[in-house]
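One letter stands for each residue in the lines below.
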There are 4 protein chains.
Amino acid sequence: MSTSRLEAFSDGVFAIAATLLILDVHADGPRLGHALLLAWPSYAAYGVSFLTIGIMWVNHHTVLEQIGRADRTFLFLNVFFLMLVAFVPFPTRLVAEHFRDGGARAADLSYGITMTSTAVFYNALWLYAARGGRLLREDADASVVSGITRSYRVGPLMYLAATLVALASPRISVALFTIIALSYVMESSVFAPRES
Amino acid sequence: MSTSRLEAFSDGVFAIAATLLILDVHADGPRLGHALLLAWPSYAAYGVSFLTIGIMWVNHHTVLEQIGRADRTFLFLNVFFLMLVAFVPFPTRLVAEHFRDGGARAADLSYGITMTSTAVFYNALWLYAARGGRLLREDADASVVSGITRSYRVGPLMYLAATLVALASPRISVALFTIIALSYVMESSVFAPRES
Amino acid sequence: MSTSRLEAFSDGVFAIAATLLILDVHADGPRLGHALLLAWPSYAAYGVSFLTIGIMWVNHHTVLEQIGRADRTFLFLNVFFLMLVAFVPFPTRLVAEHFRDGGARAADLSYGITMTSTAVFYNALWLYAARGGRLLREDADASVVSGITRSYRVGPLMYLAATLVALASPRISVALFTIIALSYVMESSVFAPRES
Amino acid sequence: MSTSRLEAFSDGVFAIAATLLILDVHADGPRLGHALLLAWPSYAAYGVSFLTIGIMWVNHHTVLEQIGRADRTFLFLNVFFLMLVAFVPFPTRLVAEHFRDGGARAADLSYGITMTSTAVFYNALWLYAARGGRLLREDADASVVSGITRSYRVGPLMYLAATLVALASPRISVALFTIIALSYVMESSVFAPRES
């Protein structure tokens, strides 16, 4: 089974989940200018979640490049993984809406649990394909493969830590989610040292 | 006529229908943490419907692999089929919203009728293509072809049964829809014994 | 310039416009079963518009098969055409919502004007590509090309007629839109006599 | 790294962002016909933004044709760029809703800032790829490359000027956004002199 339709379906879900985020950006009130400035948490939430979905897409891209074929188990693992990616707009909306009220903690926990679960499923998807070279391409690069395994292992731990911080301080937790997203962009060269 | 744009359009509808499901996941109230826990039927409905659409996509994938070309009748059968797939978010929303009130029975019936119709159209789509090898690839695998035919025949009956159960007990009906989805994932190896 | 990304973008817009239609299907009230039966105009509107967008997609498919390359004018004509396709959910929502009230005439006119404009732009798109063989494939089939030209010429006239009928009777107008959609499916073999 | 999945993801975001615009076109009131006429600013906003996203898509298409490969920095620049494209429905909704009230200035500023930022990021994306031929195809056409560079440089300036005009006159600012979109369509032959 080739991976081309799996990529098409996945790209669709990534693109839609990211683009739907805009439906939850709102600003209204008697003085629109003021309301627009006050709405910055919803822009920030939009930005962080779009970026995070973008990172997942880039990584999915990187992973699929090492994979030569799919079996039905892999297709279903991918469906479960996409189910979590497509869930991201919901906690994003909660974080933006409850940034300034008593619901911040619960909102951040829902965001963190979603992200941690997504990272766990990402590892499951990758390990299923990579374990014993099950679905890897014949010519998969061993150092890239072990680089991906090492790099992905960190994801669930980082997200779990940022989630637990939400119990003590929702603000710091949100800052950590932002830092994780930005650091993925910055340090994306860890297991892909030189490509250009 | 090749099947590549049919696949692109279908992948698009599958991906969008699945991803739109998140727009109907809501949680609000004075105590967000409490509201989030109380909203579990909407997460479950999201999960079951996303998974069901994912299964349909995997099966569409399996079917199209046996099909070598399309004619206009097949394109239109596919459009009717996708019309039902894209309808799924509506009864899903109803099931989640009315899980605890008197509308549960009607909601479950609407969900079941949608799923049964989708399964019927899936059979129509497949039988039109497979009957006499009309649109099959030259090298289509006869055992896979008859395996698909056998496997798909069961779908409408299972969904019809679960739908009728809703008349007696909406809760059991919902449980059956969940079990059907999960069993499709588990037993997906029936007509695709070993691929990896 | 090849047509592959034009097809990808177009397939995306067709798929999304069709799938978004479900967001406007609603049913609510104290007795859900009753509300679901009463909501049939919104299912019908969903069905007719999904089918119509599906027909446009099938025809776009047929047209692009005769076209070998794109220039920027064709890309922009296609963008204008897709702008009208993506507009369809709006008048569809109006027709469904105002089926039983005094807004039916205005709703049907908005639907008819959208459909007539879409059909006009479809002709513009096709004639720009086909006139003098400007963008046709080297091996384009002359009888298919003239068949498409003849077949598409009828579209704007049929839709205009059904639109004008709305001034006298909104109900008959809606029936005509349905008949046009179904007859396109039925008679789709006019300029594509035998393909299987 | 090839550019095919980058194109698929980008086409998805462009198509969805453009098609979602219709969700913000509304018309309601006791007299629907009257309400439909009064709602023209929301049709105009839909049209201008759909066209603008369409132009961005055509240009993305033109740019990618000169690019032979992607690195992770380019993937992330593209994600940031798409984050801005997918943001367009939000200020579009504001411009349409506040066309006749005191929020027009703030709405136009939000639209202008979004468009200016998008144009800036487009330049960043292109210059990163083109500088020193970093990601260009072996056989990239030098005159097309320098034509794109020259043509794109103007974009941010035009949008910034139209944005600043909003401080003095929201109406003229909106007219300028429309003119910029239409002139891009008209003068799109500047750096692509003859292709058909």
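Residues numbered from 1 in each chain as written. Chains lettered and ligands numbered in written order. Predicted model: local features only at pLDDT ≥ 70, side-chain atom pairs only at ≥ 80, totals over all residues.

A. Looking closely at the overall build of chain A. Secondary structure summary: chain A contains eight helices and zero strands in total. Element order for chain A, N to C, with α for helix and β for strand: α-α-α-α-α-α-α-α. At 18 Å, chain A has a C-alpha radius of gyration in line with the 16 Å of a compact globule built from 196 residues. Counting the 196 residues in chain A, one finds 50% classified as buried. (Helix = DSSP H or I, 4+ residues; strand = E, 2+ residues; numbered from the N terminus. Rg over C-alpha atoms; globule rule 2.2 N^0.38 Å. Buried ≥ 20, exposed ≤ 12 C-beta atoms within 10 Å, placed from the backbone.)

B. Highlighting the interface of chain B and chain A. With 27 residues of chain B at the contact, the number on the chain A side is 26 residues. Elements with a contribution of two residues or more to the side of chain B that touches chain A: α1 (4-20), α2 (32-38) and α3 (40-66) of chain B. Classifying every residue of the side of chain B that touches chain A gives 15 nonpolar, nine polar and three charged. (Contact = placed C-beta atoms within 7 Å. Nonpolar A, V, L, I, M, F, W, Y, C, P; charged D, E, K, R; others polar.)

C. Looking closely at the environment of R150 of chain C. Position of R150 of chain C among the secondary structure elements: in helix α7 (residues 142-168). Taking the number of C-beta atoms within 10 Å as the measure of exposure, R150 of chain C has 11 and is therefore exposed.

D. Structural view of the relation of the copies chain B and chain A. When chain B is fitted to chain A, the residual RMSD is 0.0 Å, and the transformation amounts to a turn of 90° plus an axial shift of 0.0 Å. Taken together, the turn and the small shift mark the pair as related by a four-fold rotation axis. Comparing interface residues between copies, only 11% of those in chain B also sit at the interface in chain A, which points to a heterologous contact through distinct surfaces. (Least-squares fit on C-alpha atoms with pLDDT ≥ 70 in both.)

E. A look at the nonpolar core. Residues V85 of chain A, V85 of chain B, V85 of chain C together with V85 of chain D are the most contacted members of the largest nonpolar core, which totals 267 residues. Apart from residues no more than four positions distant in its own chain, V85 of chain D is found in contact with V13, F14, A17, I53, M56 and T118 of chain D. (Core = buried A, V, L, I, M, F, W, Y, C linked by C-beta atoms within 7 Å.)

F. Fine view of α7 of chain C. Residue and element names in this part refer to chain C. Here α7 is 27 residues long and its end C-alpha atoms lie 41 Å apart, about the 39 Å a rise of 1.5 Å per residue gives. Every buried residue belonging to α7 is among I148, Y152, G155, Y159, A162, T163 and A166, and all of these are buried. Where α7 is buried, its residues touch α3 (40-66), α6 (104-130) and α8 (170-186). (Expected span 1.5 Å × (residues − 1).)

G. Summary view of the interface of chain C and chain B. Taken together, the 27 residues of chain C in the interface contact 26 residues of chain B. Elements with a minimum of two residues in the side of chain C that touches chain B: α1 (4-20), α2 (32-38) and α3 of chain C. The biggest single contributor to the side of chain C that touches chain B is α1 of chain C, with nine residues.

H. Local environment of the relation of the copies chain C and chain B. Aligned on chain B, chain C shows an RMSD of 0.0 Å; the corresponding rotation is 90° and the shift along the axis is 0.0 Å. The residues that chain C uses at the interface reappear at the interface of chain B in only 11% of cases, marking distinct surfaces.

I. Molecular detail of the confidence of the model for chain A. Residues and elements named next belong to chain A. For chain A, the average pLDDT comes to 90, and 94% of its residues sit at 70 or higher. Contacts for the low-pLDDT stretch residues 189-196, under 50 throughout, to residues beyond four places or in other chains number 14 contacts. Taken over the whole predicted complex, pTM reads 0.91, whereas the ipTM for its chain interfaces reads 0.89. (pLDDT = per-residue confidence, 0-100.)

J. Focus on the packing of helix α6 (residues 104-130) of chain A against helix α8 (residues 170-186) of chain A. Residues and elements named next belong to chain A. Two elements in contact, α6 and α8, have axes separated by 9 Å at closest approach and are oriented at 30°. In terms of axis orientation, α6 runs roughly parallel to α8. Note on packing geometry: the crossing formed by α6 with α8 is left-handed. For the pair α6 and α8, the contacting residues are A104, R105, D108, Y111 and G112 in the first and P170, S173, V174 and F177 in the second. Residue composition of the contact of α6 with α8, by class: five nonpolar, two polar and two charged. (Axes fitted to C-alpha atoms, helices over the stretch in contact; angles between N-to-C directions. Parallel < 35°, antiparallel > 145°, perpendicular 65-115°, else oblique. Left-handed = near helix turned anticlockwise from the far one by under 90°.)

K. Quick look at the packing of α3 of chain B against helix α5 (residues 89-97) of chain B. Residue and element names in this part refer to chain B. Direction vectors running N to C along α3 and α5 enclose 150°, while the axes themselves pass 8 Å from each other. Here α3 lies roughly antiparallel to α5, going by the angle between them. In the packing of α3 onto α5, the handedness of the crossing is right-handed. Here P41, S42, A45 and S49 of α3 lie close against α5, whose contacting residues are T92, V95 and A96. In terms of residue class, the contact of α3 with α5 is built from four nonpolar, three polar and no charged.

L. The environment of Y46 of chain C, seen in detail. Residue and element names in this part refer to chain C. By secondary structure assignment, the location of Y46 is in helix α3. For the pair Y46 and H61, spaced 15 residues apart in sequence, the C-alpha separation works out to 22 Å. Aside from chain neighbours lying at most four places away, what touches Y46 is L21, I22 and V25.

M. Structural detail: the environment of I53 of chain B. Residue and element names in this part refer to chain B. Structurally, I53 is set in helix α3. Classification of I53 by C-beta neighbours within 10 Å gives buried; the count is 27. Along the backbone, I53 and F14 are 39 residues apart, and their C-alpha atoms lie at a distance of 6.6 Å. If we skip the residues at most four places from it in the chain, I53 touches F14, A17, A18, V85 and V88.

N. Geometry of α8 of chain C. Residue and element names in this part refer to chain C. Taking 1.5 Å of rise per residue, the 17 residues of α8 would be expected to cover 24 Å, and the 24 Å separating its terminal C-alpha atoms lies within 8% of that figure. All of the buried residues in α8 are P170, S173, V174, L176, F177, I180, A181 and Y184. Projected down its long axis, α8 carries its buried residues within an arc of 155°, all on one side. Summarising the geometry of α8, the exposed residues directed more than 90 degrees from the buried face are R171, I172, S183 and M186. Buried residues along α8 sit against α3, α5 (89-97), α6 and α7. (Arc of directions from axis to C-beta.)

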